[in-house]
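Fold and contact review
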Amino acid sequence: MTKTRDENTEGQILNAAKSIFQSKGMDGARMQEIADKAGINKAMLHYYFRSKQLLFEAVFKNAFSLLAPQLNAILNDDSTIEDKIKNFTSNYISFIIKHPYLPNFIIQELNRNQDFILKIKDNKGFPNLEKFKKQVDEEANKGIIKPISGEQLFINILALNIFPFVAKPLVMAFANVSDKAYKQLMENRKTEVANFIINAIKHT
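Residues numbered from 1 in each chain as written. Predicted model: local features only at pLDDT ≥ 70, side-chain atom pairs only at ≥ 80, totals over all residues. Heavy atoms only, no water.

Turning our eyes to something else, we now look at the side chain of Thr 89. Counting through the fold element by element, Thr 89 comes out in helix H5 (residues 81–98). By relative accessible area, Thr 89 is classed as buried at 0%. At 2.9 Å, the side chain of Thr 89 and the backbone oxygen of Ile 85 are in polar contact. (Helix = DSSP H or I, 4+ residues; strand = E, 2+ residues; numbered from the N terminus. Buried < 20%, exposed > 50% of the residue type's maximum accessible area, 1.4 Å probe, protein only. Polar contact = N/O pair within 3.5 Å; in protein donor to acceptor, adjacent residues only side chain to side chain.)

A cluster of nonpolar residues, Phe 163, Leu 170 and Phe 174, forms a patch on the protein surface that exposes about 370 Å² of accessible area. If you trace the backbone, Phe 174 turns up in helix H10 (residues 168–175). (Patch = residues over 30% accessible without salt bridge, like charges linked within 9 Å, V, L, I, M, F, W, Y side chains within 5 Å. Areas by Shrake-Rupley, 256 points an atom, 1.4 Å probe, with all protein chains shown as cover. Salt bridge = Lys/Arg side-chain N within 4 Å of Asp/Glu carboxyl O.)

Attention now goes to helix H11 (residues 179–201). Turn by turn, an α-helix covers 3.6 residues, leaving residues three or four places apart pointing in a common direction. With 23 residues, H11 extends 32 Å from end C-alpha to end C-alpha; this agrees with the ideal 33 Å at 1.5 Å per step. Along H11, the sharpest change in direction is near 45 degrees and occurs at Arg 189. Buried within H11 are the following residues: Tyr 182, Met 186, Lys 190, Val 193, Ala 194, Ile 197, Ile 198 and Ile 201. Check the buried side of H11 and you find it contacts H5, helix H9 (150–166) and H10. (Expected span 1.5 Å × (residues − 1). Bend = angle between axes of the 7 residues up to and from the residue. Contact = heavy atoms within 4.5 Å.)

As a further point, take the environment of Ser 51. Among the structural elements, Ser 51 can be located in the loop between helix H3 (42–48) and helix H4 (52–75). Looking at Ser 51, its side chain comes within polar contact range of the main-chain nitrogen of Leu 54, at 3.2 Å.

Interaxial distance between H5 and H9 falls to 11 Å at its minimum, and their mutual angle equals 25 degrees. Here H9 runs roughly parallel to H5, going by the angle between their axes. Both H5 and H9 take part in a crossing whose hand is right-handed. Touching Ile 81, Ile 85, Phe 88, Thr 89, Tyr 92, Ile 93, Ile 96 and Ile 97 of H5 are Leu 153, Phe 154, Ile 157, Leu 158, Asn 161, Ile 162 and Phe 165, all from H9. When the residues that make up the contact of H5 with H9 are grouped by side-chain class, the tally is 13 nonpolar, two polar and no charged. (Axes fitted to C-alpha atoms, helices over the stretch in contact; angles between N-to-C directions. Parallel < 35°, antiparallel > 145°, perpendicular 65-115°, else oblique. Left-handed = near helix turned anticlockwise from the far one by under 90°. Nonpolar A, V, L, I, M, F, W, Y, C, P; charged D, E, K, R; others polar.)

Quick look at the UniProt feature "DNA-binding region" (unreviewed entry) in the protein chain now. With numbering matched to this structure, UniProt assigns "DNA-binding region" (unreviewed entry) to residues 30–49. For residues 30–49, the end-to-end C-alpha separation is 13 Å, with 75% helix and 0% strand making up the annotated structure. (UniProt positions renumbered as here; feature names shortened; annotations may be inferred.)

Attention now goes to the UniProt feature "domain: HTH tetR-type" (unreviewed entry) in the protein chain. Following the UniProt record, one finds the feature "domain: HTH tetR-type" (unreviewed entry) at residues 7–67. Helix and strand shares over residues 7–67 are 87% and 0% respectively, and the end C-alpha atoms of the span are 22 Å apart.

Quick look at the domain arrangement of the protein chain now. Each assigned domain of the protein chain is listed with its residue range as follows: domain 1 (1–50) and domain 2 (54–201). With centres defined by C-alpha atoms, the gap from domain 1 to domain 2 works out at 28 Å. Between domain 1 and domain 2, roughly 1,000 Å² of surface is buried when both sides are summed, and carbon and sulfur atoms account for 81% of that area. It is Phe 21, Gln 22 and Met 26 in domain 1 that bury the most area against domain 2; as a group they hold 47% of the surface buried on that side. (Domains from an automatic or database assignment. Buried area = accessible area lost by both parts, 1.4 Å probe.)

Here we come to the environment of Ser 65. If you trace the backbone, Ser 65 turns up in helix H4. Taking the relative accessible area as the measure of exposure, Ser 65 reaches 42% and is therefore partly exposed. Ser 65 sits 82 residues away from Pro 147 along the chain, and the two C-alpha atoms are 33 Å apart.

Right, dumping it as structure tokens:
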């Protein structure tokens, strides 16, 4: 019973923290505010998570554990490179729309602590590129796609998907769009990014 209660309380905390981090970011979030939203006192919050940083990491790991296996499954299924690009892009953008704090958190952590990625790299389901790279080589050799290394193609996919979220204020300013219009732009990128990459690598 106690274990169940502990798990329920931790779940309440993570849900509350996720909501606060999404609306106010890491710097703007306050532990007292998270405790209030979770319906507990601050002492109880610190019992579960000693610092805001540890709580943020727990929220991140919880969300990443949902995303990483999806992306890994796409990279390692038996679909074509074209379908992988479409599915990867659609899944990634859909996920980040629901968890908009993640890209900036990753960049922030990598700038502050380059060993941060080691905390998640060994997690089960962390994306593995080996099959993807081999498949890129095979399709290039068959003339299905233009010659490109699997690493470079994957970096291109990541860059085009991640940047608009990391640079949201800049993108909104350049495009002169409202928050609502920005969200629609991101929805449109599910196909725009995939089509752009596929057209760039496919033989005509």
